[in-house]
Amino acid sequence: MKLRSYELKFLIIIILLLTINVFTFAYSASDFAYLSEIDRNFLKGNIYFIDLDQQILQKSFNSMNDIRLFDLDGANIDYKMISLKGSYSEPEFVKIIKKDKDENGNQRLYIVTDNKTKEFFSIESSSFEYDFKVIIEASVDGKLFNKVGEDNIYSVSNLSGVLKNKIYLSSGKRSRYFRFTFLDTHDVLEKEFSKHDLLKKVKTNSKDFIYDVKITTTYIGRPLKKYDRLVINNPDFKDDGEKYVYESSFKLPLEEIDLNISNPIFLRNVKIFVSSKDSKFSLNKEVNIYRMILAQGVGNTSIKLDGSYFDRIRIELEKKKGRPFRVNQLSYKWIRKRIYFTVKKNLSRIFFGIGNANLSEKDDAFGDLFKGQDLQTISAVNVKLIDLKRSQEYKKKPVKFEKPKEKSFVDKYLFHIILFIIAFIIIVWILFQFKEES
């Protein structure tokens, strides 16, 4: 059978269509409100990274989902975004090998660890109310012990956030054997809070506390954690009768709030409300902040948030009679964001674009390339965005902030289904032509 010329052309077009697996979109300056042109020699196979500072993150229109990298032809460059991890490994439980009492009747625990360098110990128990002084001694052979740390640990069940269970080591960080002595002094909470009628006496004794105690140690690792922060001096908290209120608007991946307060001793309830994409405020975290002078400045004025990316935040501080409450400084903190990328061919220039509400969650195929690997330990070249400019060509399009609906099977594969049907028809037609010729 000999195909006619128009039949051959039609067949070639169909075959070319069938070789297209996915749609590809070219990006340009008109797609992004902010653009950075990066001139350098990008070599195929090399790995590069960009740290995203506060100015970059605040330019995002869609919670960092609108970041794109592309080359001169508009071809997409895949990337992987991470939060720089902490400098410590996961906490590891240590083995308790013995329990006894000292000559004064104080409860003691003996533990054994490996030879890694340790930063601090965390002590936990099912007892929700406690207040002890803990003395930590270290030994190389488990026989001769020397003091390497001392601090108070405490917890109050009816006061959320009033908790301290970590003790840092001043020496002996490479020792294997440790001895913990628990002193029932109750010299922190009772001396500080009870005289101000802030809480009742703590009744848990050390014998009950160590009955099912769990101790973890955190080893010193590479100093990788990097916090970025937005600091506001003398924030204007409004007196709202029963509380002090502060509101601010921004777009940042917040993880923690620090309050710098001038009052020497206090215990106040704090409520944090957050909002994203023009939604109403919702309660994110409620906790108590406090400070104790007699306990050498022990306290807590940091609040860890649930979630990360917010547009607005509202802070409500409990108001009490007496001395005015003064917040000197407010710090919004987040772990630094970083994107890693590579190129499929040598390039002399690439573009970084951010600021497009139409771009939603990014399909990140690049992440599979390094599956199971720690990107921070891979050798990579740091690329800095020196001049992130507002694009004069950006064409803003009205967008409703709605969660994208899950596509049905037909929606996802409609293009491929149509091509399959066409291909099937063509194949049947060709076979029919052969049959007629024969």
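Keep in mind the model is a prediction, meaning the values are calculated, not measured.

Trainee: I'd like a rundown of the overall build of the chain, residues and numbers included.
Mentor: For the chain, the count of helices and strands is six helices and 29 strands. Every one of the 438 residues in the chain was classed for burial, and the buried ones make up 44%. Pairs at least 24 apart in sequence give 81% of the contacts found in the chain among residues at least 6 apart. With the model as given, the accessible surface of the chain reaches about 25600 Å², and the carbon-plus-sulfur share is 52%.

Trainee: If you had to explain unusual backbone geometry to someone new, which residues and values would you point to?
Mentor: Backbone geometry at Ser63 places phi at a positive 55°, although glycine is not the residue there. Following the sequence through the fold, Ser63 ends up in the loop between helix H2 (54-57) and strand E3 (68-71). Residue Ser63 is classed as partly exposed on the basis of its relative accessible area of 23%.

Trainee: Lay out the packing of aromatic side chains with the relevant residues and their values.
Mentor: For the structure shown, the criterion picks out 21 aromatic pairs. When the ring of Phe49 is compared with that of Tyr340, the centres are 5.6 Å apart and the planes differ by 45°; the resulting orientation is tilted. With Phe49 in strand E2 (residues 47-52) and Tyr340 in strand E26 (residues 337-342), this pair connects stretches of sequence that are 291 residues apart. For the pair formed by Phe49 and Tyr340, the shared burial category is buried. Centroid distance Phe120 to Tyr168: 4.9 Å. Interplanar angle 50°. Geometry classified as tilted. Of the two residues, Phe120 sits in strand E9 (residues 118-124) while Tyr168 sits in strand E13 (residues 166-168), which places them 48 residues apart along the sequence. The exposure class of Tyr168 is partly exposed, given its relative accessible area of 46%. The residue whose ring lies beneath Lys98 is Tyr110, and the NZ or CZ to ring-centre distance is 4.9 Å. Here Arg312 stacks its cationic end above the ring of Phe281, 4.4 Å away from the centre of that ring.

Trainee: Please set out the sheet that holds E2 residue by residue, giving values where relevant.
Mentor: In spatial order, the strands read E5-E26-E2-E28; together these four strands make up an open sheet with mixed pairing. Bordering the open sheet on either side are strand E5 (79-83) and strand E28 (381-382), each of which pairs with just one other strand. Bridge analysis of E2 against E26 gives six bridges, and the strand direction is antiparallel. Residue pairing across strands places Asp51 opposite Arg338, the latter belonging to E26.

Trainee: I'd love a proper account of the pairing of E3, names of residues and values included.
Mentor: Side-chain alternation along E3 places Arg68 and Phe70 on one buried face and Leu69 and Asp71 on a second face that is also buried. Sheet topology places E3 next to strand E27 (residues 347-354); four bridges connect them, and they run antiparallel. Counted as the bridge partner of Leu69 is Phe352 from E27. Relative to strand E4 (residues 76-77), E3 is paired through two bridges, and the arrangement is antiparallel. Paired with Leu69 across the two strands is Ile77, which belongs to E4. In sequence, E3 turns back onto E4 through a hairpin of four residues, with Gly74 there showing a positive phi of about 85°.

Trainee: Quick rundown of the sheet that holds E27? Include the residues and the values.
Mentor: Strand pairing in a sheet takes place through backbone hydrogen bonds and is either antiparallel or parallel in direction. Pairing is antiparallel across the open sheet formed by five strands, whose spatial order is E4-E3-E27-E1-E29. The open sheet is flanked by E4 and strand E29 (389-390), the only strands paired with a single partner.

Trainee: Account for the pattern of salt bridges, naming residues and giving values.
Mentor: Where charged atoms from two side chains of opposite charge come close, those side chains can pair. Across all of its chains, the model carries 23 salt bridges by this definition. Between Glu255 and Lys337 there is a salt bridge whose closest N-O contact spans 3.8 Å. Here Glu255 is found in the loop between strand E18 (243-253) and strand E19 (256-261), whereas its partner Lys337 is found in strand E26, with 82 residues between them in sequence. Classification of Glu255 as partly exposed rests on a relative accessible area of 23%. Via salt bridges that share partners, Asp51, Asp228, Arg336 and Arg338 belong to a single interconnected network.

Trainee: An account of the environment of Phe352 is needed here, citing residue identities and associated values.
Mentor: Structurally, the position occupied by Phe352 is in strand E27. As a C-alpha pair, Phe352 and Phe70 span 282 residues in sequence and 6.9 Å in three-dimensional space.

Trainee: Describe in detail the confidence of the model for the chain, supporting the description with residues and values.
Mentor: For the chain, mean pLDDT is 79; residues scoring 70 or higher make up 77% of the total. Scored below 50 in pLDDT, residues 18-24 shows five contacts in the model against residues more than four places distant or in partner chains. Ignoring residues within four places in sequence, the model shows residues 398-406, a span with pLDDT below 50, making seven contacts including any to other chains.

Trainee: How would you summarise the environment of Ser308 if you had to cite specific residues and measurements?
Mentor: Turning to its location among the elements, Ser308 is positioned in the loop between strand E23 (302-304) and strand E24 (309-318). As a C-alpha pair, Ser308 and Ser63 span 245 residues in sequence and 9.6 Å in three-dimensional space. The contact partners of Ser308, leaving out residues within four places of it in the chain, are Leu252, Pro253 and Leu254.

Trainee: Quick one: what's the story with the side chain of Ser125, residue by residue and with numbers?
Mentor: Mapped onto the elements, Ser125 comes out in the loop between E9 and strand E10 (130-139). Of note is the side chain of Ser125, whose polar atom sits 2.7 Å from the backbone oxygen of Phe209. Within the structure, the side chain of Ser125 is placed 3.1 Å from the side chain of Asp212, a separation counted as a polar contact. Apart from residues lying up to four places away in sequence, Ser125 is in contact with Asp208, Phe209, Asp212 and Val213.

Parameters and conventions
- Residues numbered from 1 in each chain as written.
- Predicted model: local features only at pLDDT ≥ 70, side-chain atom pairs only at ≥ 80, totals over all residues.
- Heavy atoms only, no water.
- Helix = DSSP H or I, 4+ residues; strand = E, 2+ residues; numbered from the N terminus.
- Buried < 20%, exposed > 50% of the residue type's maximum accessible area, 1.4 Å probe, protein only.
- Contact = heavy atoms within 4.5 Å.
- Areas by Shrake-Rupley, 256 points an atom, 1.4 Å probe, with all protein chains shown as cover.
- Phe/Tyr/Trp six-rings, centres within 6.5 Å; stacked < 30°, edge-to-face > 60°.
- Lys NZ or Arg CZ within 6 Å of the ring centre and 35° of its normal.
- Pairing = 2+ DSSP bridges.
- Salt bridge = Lys/Arg side-chain N within 4 Å of Asp/Glu carboxyl O.
- pLDDT = per-residue confidence, 0-100.
- Polar contact = N/O pair within 3.5 Å; in protein donor to acceptor, adjacent residues only side chain to side chain.

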